[in-house]
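Commentary on secondary and tertiary structure
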Amino acid sequence: MTSATEPTEPLSVEQLSATTLLRFATAGSVDDGKSTLVGRLLHDSKSVLTDQLEAVERVSADRGQDTPDLALLTDGLRAEREQGITIDVAYRYFATARRRFILADTPGHVQYTRNMVTGASTADLAVVLVDARNGVIEQTRRHAAVAALLRVPHVVLAVNKMDLVGYQESVFAAIAEEFTAYASELGVPEITAIPISALAGDNVVEPSANMDWYGGPTVLEHLETVPVSHDLAHCHARLPVQYVIRPQTPEHPDYRGYAGQIAAGTFRVGESVTVLPSGRTSKVAGIDLLGTPVDIAWTPQSVTLLLADDIDVSRGDLLVPSKDAPPTTQDVEATVCHVADQPLTVGHRVLLKHGTRTVKAIVKDIPSRLTLDDLSLHPHPGRLAANDIGRVKIRTAEPLPLDSYADSRRTGAFILIDPSDGTTLTAGMVGESFAAPQPVKDEGDDDGWDF
């Protein structure tokens with residue numbers, strides 16, 4: 001594969017395996033330049049192939065443009081190119097010598113809020129774009145609220161089109177201060193503001209010569225250095241059982257293993273574990289990782305656990321440390337984003353999928369619908385339409401071991417499914433909506449413009 005810019009040596013398998021992975025999502029209002037930023041990021045980091053760039057140059061020339069429209073690198077649907085907007089979530093995969101990236105480019109329209117929820121649900125970081133000429137607008141606050149709801153740990157405010165305001169520091173400072181105050185009230189734990197021009201490339205990959213007053217990182221530098229490692233010692237260890245391995249062969253006549261991907265935390269041989277929802281207990285007799293016995297395994301490794309006792313464990317069960325077992329319940333209270341075109345109503349019979357377990361459930365109440373514009377609550381709406389975010393109370397047919405979404409974004413999340421056709425109806429987050437507000441850093445502690 002050939003790079004579109006100057007030739008560079010591809011990363012070796014050893015280099016890739018040594019780098020960490022960052023999942024991040026982008027969000028911004030229509031015409032804020034979000035797709036251009038993503039295209040510039042891919043282009044200037046030498047992550048664009050020659051044939052991709054040639055296709056973009058060809059389409060741009062057909063439109064009468066003198067330079068390639070880098071937004072076309074992500075706006076792949078015909079309707080997106082014709083209208084000049086982003087409609088669906090576009091995933092891009094690229095890597096530098098320091099880190100690997102999975103990028104979710106999400107739409108900016110109000111009616112595509114569900115798409116942003118999808119893209120940001122697994123993100124470690126969200127990049128929220130703002131047009132420097134318009135400042136913080138209603139849609140900006142909406143995107144900050146969604147990032148806070150989904151507990152995205154890092155948010156980057158990219159103040160774009162600084163070239164159209166004369167690269168003025170005062171314009172950037174006012175926008176950064178307003179957004180930081182709002183996002184901090186929502187409980188966003190870390191906010192970094194960066195002034196950029198995606199079209200010209202200022203502070204995207206290379207530092208800008210036009211903004212010598214800014215001393216912080218470029219967008220790529222921040223993406224490469226933001227911490228994404230999790231303190232495994234403080235995670236709630238969880239293993240949703242996906243498959244029971246029982247070969248019953250002459251070589252392995254008594255082998256019984258419980259396979260799945262560790263959703264959070266760490267498991268060790270000799271540790272006492274509980275099977276939920278049954279409550280049966282045993283000890284970890286062995287851990288197989290890629291066919292090799294190990295003494296310890298952690299998220300997100302896919303492993304097979306062997307237990308010391310022959311107890312009933314099946315797909316959908318959850319293995320947890322006995323000293324750190326979540327409560328099981330049939331009454332679920334959660335914040336949800338409704339993603340289906342058909343509304344969710346009180347009395348709606350659904351399937352609830354949590355981890356590898358799917359159970360029957362019924363919507364008992366919809367206490368409120370959240371208005372993201374001003375974070376006000378509309379009490380007892382009775383239904384949630386597409387893109388609505390609200391609180392729900394659900395009764396399940398069987399008990400479920402649920403963590404709070406604040407404690408675990410994996411085991412605190414679920415989806416509601418239409419039992420008639422398997423359509424995903426709603427994405428849910430167990431527990432409180434927003435995190436506790438975070439104190440705004442004192443200006444004396446700032447490094448450049450790192451809010």
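Position numbers for residues count from 1 along each chain, tracking the sequence in the order it is written. Totals for whole chains, interfaces and linings use every residue, but because this is a predicted model, local features are given only for residues with pLDDT of at least 70 and side-chain atom pairs only at 80 or more, for both listing and counting. As a rule here, side-chain values come from all non-hydrogen atoms in the structure, and water together with hydrogens is ignored.

**Considering the sheet that holds strand E1 (residues 20–28)**
For sheets, the rule is that strands pair by backbone hydrogen bonds, running either parallel or antiparallel. Filter applied, for reference: A pair of strands is labelled paired if DSSP reports no fewer than 2 bridges between them. For the purposes of this entry, the term helix denotes a DSSP run of H or I that reaches at least four residues, the term strand denotes a run of E that reaches at least two, and both are numbered from the N terminus. Lines are fitted to the C-alpha atoms to define the axes, a helix being fitted only along its stretch in contact, and any angle between axes, read from their N-to-C directions, falls within 0 to 180 degrees. Contacts: residue pairs with any heavy atoms within 4.5 Å of one another.
Overall, mixed pairing links the six strands, which are arranged E2-E3-E1-E4-E5-E6 in an open sheet. Edge positions in the sheet fall to strand E2 (90–95) and strand E6 (191–195), since each of these pairs with one other strand and no more. Each strand of the sheet is rotated relative to its neighbour by a mean of 20°, with strand direction disregarded. Bridge count between strand E4 (residues 125–131) and strand E5 (residues 154–160): seven bridges; the pairing is parallel. Note that in E5 the partner of Val 130 across the bridge is Val 159. Across the sheet, helix H5 (residues 113–120) is in contact with E1, E2 and strand E3 (99–105); its angle to E1 comes to roughly 165°.

**Side note on the packing of aromatic side chains**
Cut-off, in case you're wondering: The rule is short: rings of Phe, Tyr and Trp, with Trp giving its six-membered ring, pair when the centres are within 6.5 Å, and they are stacked under 30 degrees, edge-to-face over 60, tilted in between. A simple rule labels every residue: compare its accessible area, found with a 1.4 Å probe on the protein chains alone, to the largest value its type can have, and call it buried under 20%, exposed over 50%, or partly exposed in between.
Scanning the model with the defined rule gives five aromatic pairs in all. Taken together, a centroid distance of 4.7 Å and an interplanar angle of 20° make the contact between Phe 94 and Phe 101 stacked. Residues Phe 94 and Phe 101 agree in their burial class; the two are buried. In this structure an aromatic cluster arises from ring pairing among Phe 24, Phe 94 and Phe 101.

**Digging into the environment of Ala 181**
Tracing the backbone shows Ala 181 in helix H7 (residues 169–186). For the pair Ala 181 and Ile 191, spaced ten residues apart in sequence, the C-alpha to C-alpha distance is 9.9 Å.

**Observations concerning the side chain of Ser 368**
Within the fold, Ser 368 resides in strand E20 (residues 357–371). Excluding anything up to four places from it in sequence, Ser 368 contacts Leu 377, His 378, Pro 379, His 380, Pro 381, Gly 390 and Arg 391.

**Notes on helix H6 (residues 138–149)**
What counts is decided by this rule: In this analysis, the expected span of each helix is defined as 1.5 Å times one less than the number of residues it contains.
For H6, which comprises twelve residues, the first-to-last C-alpha distance of 17 Å matches the rise-based estimate of 16 Å (1.5 Å per residue) to within 8%. The buried fraction of H6 amounts to ten of the twelve residues, a majority that puts the element mostly inside the structure. Of the residues making up H6, those classed as buried are Gln 139, Thr 140, Arg 142, His 143, Ala 144, Ala 145, Val 146, Ala 147, Ala 148 and Leu 149. Two residues or fewer past H6, Arg 151 is found with a positive phi of approximately 55°.

**Considering H5**
Since one α-helical turn is 3.6 residues long, residues separated by three or four positions face the same way. Among the eight residues of H5, six are classified as buried, and the element is accordingly described as predominantly covered. Regarding H5, the residues found buried are Thr 113, Asn 115, Met 116, Val 117, Gly 119 and Ala 120. Where H5 is buried, its residues meet E1, E2, E3, H6 and strand E17 (328–338).

**Quick word on the nonpolar core**
Selection criterion: Residue types Ala, Val, Leu, Ile, Met, Phe, Trp, Tyr and Cys, when buried and joined through side-chain atoms within 4.5 Å, form a set referred to as a nonpolar core.
Counting residues in hydrophobic clusters, the biggest one holds 69 residues, and the most contacted among them are Phe 24, Leu 41 and Phe 179. Here the element with the most residues in this core is H7; it accounts for seven residues. When near neighbours in sequence (up to four residues on either side) are disregarded, Phe 179 contacts Val 128, Val 136, Thr 140, Ala 144, Val 155, Leu 157 and Ile 191. Listed in part, the 20 residues of the second largest apolar core include Val 336, Leu 344, Val 363 and Ile 366.

**Quick look at unusual backbone geometry**
Looking along the chain, the bond that leaves Leu 276 and enters Pro 277 is cis, with omega of 15°. Tracing the chain through its elements places Pro 277 in the loop between strand E11 (272–276) and strand E12 (280–289). Residue Thr 299 is joined to Pro 300 through a cis peptide bond whose omega torsion reads 5°. Following the sequence through the fold, Pro 300 ends up in the loop between strand E14 (296–298) and strand E15 (302–307). In this structure, Arg 151 is a non-glycine residue whose phi angle is positive, near 55°. Looking at the secondary structure, you find Arg 151 in the loop between H6 and E5. At His 380, a residue that is not glycine, the phi angle is positive and equals roughly 45°.

**Description of the pattern of salt bridges**
Note the threshold: Take a side-chain nitrogen of Lys or Arg and a carboxyl oxygen of Asp or Glu: if they are within 4 Å of each other, that pair is a salt bridge.
The tally for this structure, following the rule as stated, stands at twelve salt bridges. The residue Lys 34 makes a salt bridge to Asp 105 at a minimum N-O spacing of 3.2 Å. With Lys 34 in helix H2 (residues 34–44) and Asp 105 in strand E3, the pair connects residues that are 71 residues apart, well separated along the chain. Pair check on accessibility: Lys 34 and Asp 105 agree, each one buried. Arg 98 is the salt-bridge partner of Glu 224, the closest N and O atoms lying 3.6 Å from each other. Here the residue Glu 224 occupies a position in helix H8 (residues 219–225), and Arg 98 occupies one in the loop between E2 and E3, the gap between them amounting to 126 residues.

**A closer look at the environment of Pro 277**
You can call Pro 277 partly exposed: its relative accessible area is 21%. In the structure, Pro 277 is positioned 121 residues away from Glu 398 in sequence and 8.7 Å away in space, judged by C-alpha atoms. Those residues in contact with Pro 277 that sit more than four places away from it in its chain are Asp 317, Thr 328, Arg 357 and Pro 399.

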